[in-house]
Amino acid sequence: MSNEKLTLEDVRDQAKVKLKGICGVYKICDGDPSRLCQRHSYGGPLGIGGIGSGASFTNNVLALKKIKLKMRLVGETFEPDTSYSFFGNELSMPIMAASTAGVTSFGGDGVITEEEFCKAVVLGCKDAGTIGWRGHSWNYSLETPHGLNAINDANGFGVKICKPIEQEKIIQYYKKAEEIGAIAVGVDIDGAGSVAMPKNGKPVYRKSPEDIRDLVKATSLPVIIKGVMTVEDAQIAMNAGAAAIVVSNHGGRVLDFTPGTADVLPKIADAVKGKIKIIVDGGVRTGYDVLKMLALGAESVLIGRDIIRAAVGAGKLGVKLQMEHLMITLKKAMLMTNCKNLKEITSEVMET
Ligand SMILES: Cc1cc2nc3c(=O)[nH]c(=O)nc-3n(C[C@H](O)[C@H](O)[C@H](O)COP(=O)(O)O)c2cc1C
């Protein structure tokens, strides 16, 4: 099929074939125990699923699903403006690709290499006018920094999130990120319980407030703390000088039985909004979900599994199509709830 004719449906069909046995590419991706990916509860690999029972993964989806939107239709017609400024970069939408890594563990291996996967995400996002964040896995090193290589290919248009490894190593990654002109760096503090990293000789650690402060001091780039689920951790990150937090439970992959991110976001926003950038992820599949997250207090969102599937299914074009679909549905959601721009998305759009 020629690239111009490829649709998002084709991308998903291709992903289904390529991720056979790993991900069913279901219409509803929610970590239900009946799903192909959800084998962790039986001692199977985590793959692309959620940890343990899958409750945290499911809670992300349910927390969003229970929010209802108000139709506010009387008034003039307008073209919703989804433009968003992220650390001085003008983006087409407040939606970015989440930091993800590890094609060997989520089934892309043999179909796409880690390096190709990273490039598909970063370059596909760039083509859609937004940013691809990159993650970290046990087979990354300073000599083979797959995520940073992709960001370099995009002339620095990317964000690098390190696992909570030794401080000196994180700082070395940050220095490389500075050299290639990356937009920001960070650490997923919720990676502290990783099994795969230590098993492969890369120990991970809980990070103290001082550790976070030292990371902030060590780089000229904005530092993002990803994996914040409580007001306390948000305040610690803010007081340590972080530039942003990501309200995230890692897509429900790090601790069983957490609330959904949309459940905790309002409390965190009440405490720190306006003092630090608030980004959120977990279960966001459409622009309607994006609108809900923004109404709950985030300024932008990250997309995990849908971007993984798009990248494995059809490389950077798949990623671009997925991002464009999100933007179209966000615009529809904004039009129907009477939000001309992102500032107008407030709790008023939600039915209480
Ligand atoms: C297969 C897979 C690999 C991931 N790898 C990373 C990673 O390396 N670093 C990171 O910060 N988060 C990682 N995440 C978490 C995502 O950044 C994000 O928080 C999560 O996928 C959002 O939920 P969603 O998949 O429901 O959109 C990973 C998620 C998945 C599904």
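Rules of the game
- Residues numbered from 1 in each chain as written.
- Predicted model: local features only at pLDDT ≥ 70, side-chain atom pairs only at ≥ 80, totals over all residues.
- Helix = DSSP H or I, 4+ residues; strand = E, 2+ residues; numbered from the N terminus.
- Rg over C-alpha atoms; globule rule 2.2 N^0.38 Å.
- Buried ≥ 20, exposed ≤ 12 C-beta atoms within 10 Å, placed from the backbone.
- Contact = placed C-beta atoms within 7 Å.
- Near = placed C-beta within 6 Å.
- Nonpolar A, V, L, I, M, F, W, Y, C, P; charged D, E, K, R; others polar.
- Right-handed = clockwise from strand over helix to strand, strands pointing away.
- Axes fitted to C-alpha atoms, helices over the stretch in contact; angles between N-to-C directions.
- Parallel < 35°, antiparallel > 145°, perpendicular 65-115°, else oblique.
- Left-handed = near helix turned anticlockwise from the far one by under 90°.
- Expected span 1.5 Å × (residues − 1).

Draft legend 1. Summary view of the overall build of the protein. From N to C terminus, the protein includes 12 helices and 12 strands. In terms of overall dimensions, the protein is globule-like: its C-alpha atoms have a radius of gyration of 19 Å, near the 20 Å expected for 352 residues. In terms of its C-alpha atoms, the protein occupies a principal-axis envelope of roughly 60 × 50 × 40 Å. Burial statistics for the protein: of 352 residues in total, 55% are counted as buried. Contacts in the protein between residues at least 24 apart in sequence constitute 71% of all its contacts with a sequence separation of at least 6.

Draft legend 2. Local environment of the site of the ligand. By nearness alone, 27 residues border the ligand, and A98, G135, D188, G251 and G304 come closest of all. Broken down by secondary-structure element, the contributors of at least two residues to the shell around the ligand are β11 (300-303) and α12 (305-336). In terms of residue class, the shell around the ligand is made up of nine nonpolar, 13 polar and five charged.

Draft legend 3. Just the pairing of strand β10 (residues 277-281), in detail. Burial runs high along β10: five of the five residues are buried. What you see with β10 is no split at all: K277, I279 and D281 on one side and I278 and V280 on the other are buried throughout. Taking the sense of rotation as the criterion, the β-α-β connection linking strand β9 (residues 244-247), helix α10 (residues 261-272) and β10 turns out right-handed. A crossover links β10 with its parallel partner β11, the connecting element being helix α11 (residues 287-295), and its sense is right-handed.

Draft legend 4. A look at the packing of helix α4 (residues 114-127) against helix α5 (residues 146-153). For the pair α4 and α5, the least separation of the axes is 8 Å and the interaxial angle reads 40 degrees. In terms of axis orientation, α4 runs oblique to α5. The hand of the α4/α5 crossing is right-handed. Between α4 and α5, the residues in contact are E114, E115, C118, K119, V122 and L123 and H146, G147, N149, A150, I151 and D153, respectively. When the residues that make up the contact of α4 with α5 are grouped by side-chain class, the tally is five nonpolar, three polar and four charged.

Draft legend 5. Fine view of α4. Relative to the 20 Å expected for 14 residues at 1.5 Å per residue, α4 spans 20 Å between its end C-alpha atoms, a close match to the ideal helical length. Burial runs high along α4: 11 of the 14 residues are buried. Turning to α4, its buried residues number three or more, namely E114, F117, C118, K119, A120, V121, V122, L123, G124, C125 and K126. Looking at the buried positions of α4, the neighbouring elements they touch are β4 (95-97), α3 (103-106), β5 (132-134), α5, β6 (158-162) and α12.

Draft legend 6. Molecular detail of unusual backbone geometry. If you check the backbone angles, H250 has positive phi at about 65 degrees while not being a glycine. Mapped onto the secondary structure, H250 falls in the loop between β9 and α10. The backbone of N338 sits at a positive phi, close to 65 degrees, despite the residue not being glycine. Along the chain, N338 turns up in the loop between α12 and β12 (350-351).

Draft legend 7. View of the environment of G181. Relative to the helices and strands, G181 is located in the loop between α6 (167-179) and β7 (184-188). What makes G181 partly exposed here is the crowd of 14 C-beta atoms within 10 Å. Taking the C-alpha atoms as reference, G181 lies 23 Å from I278; in sequence the two are 97 residues apart.

Just distances and angles here, no functional claims.
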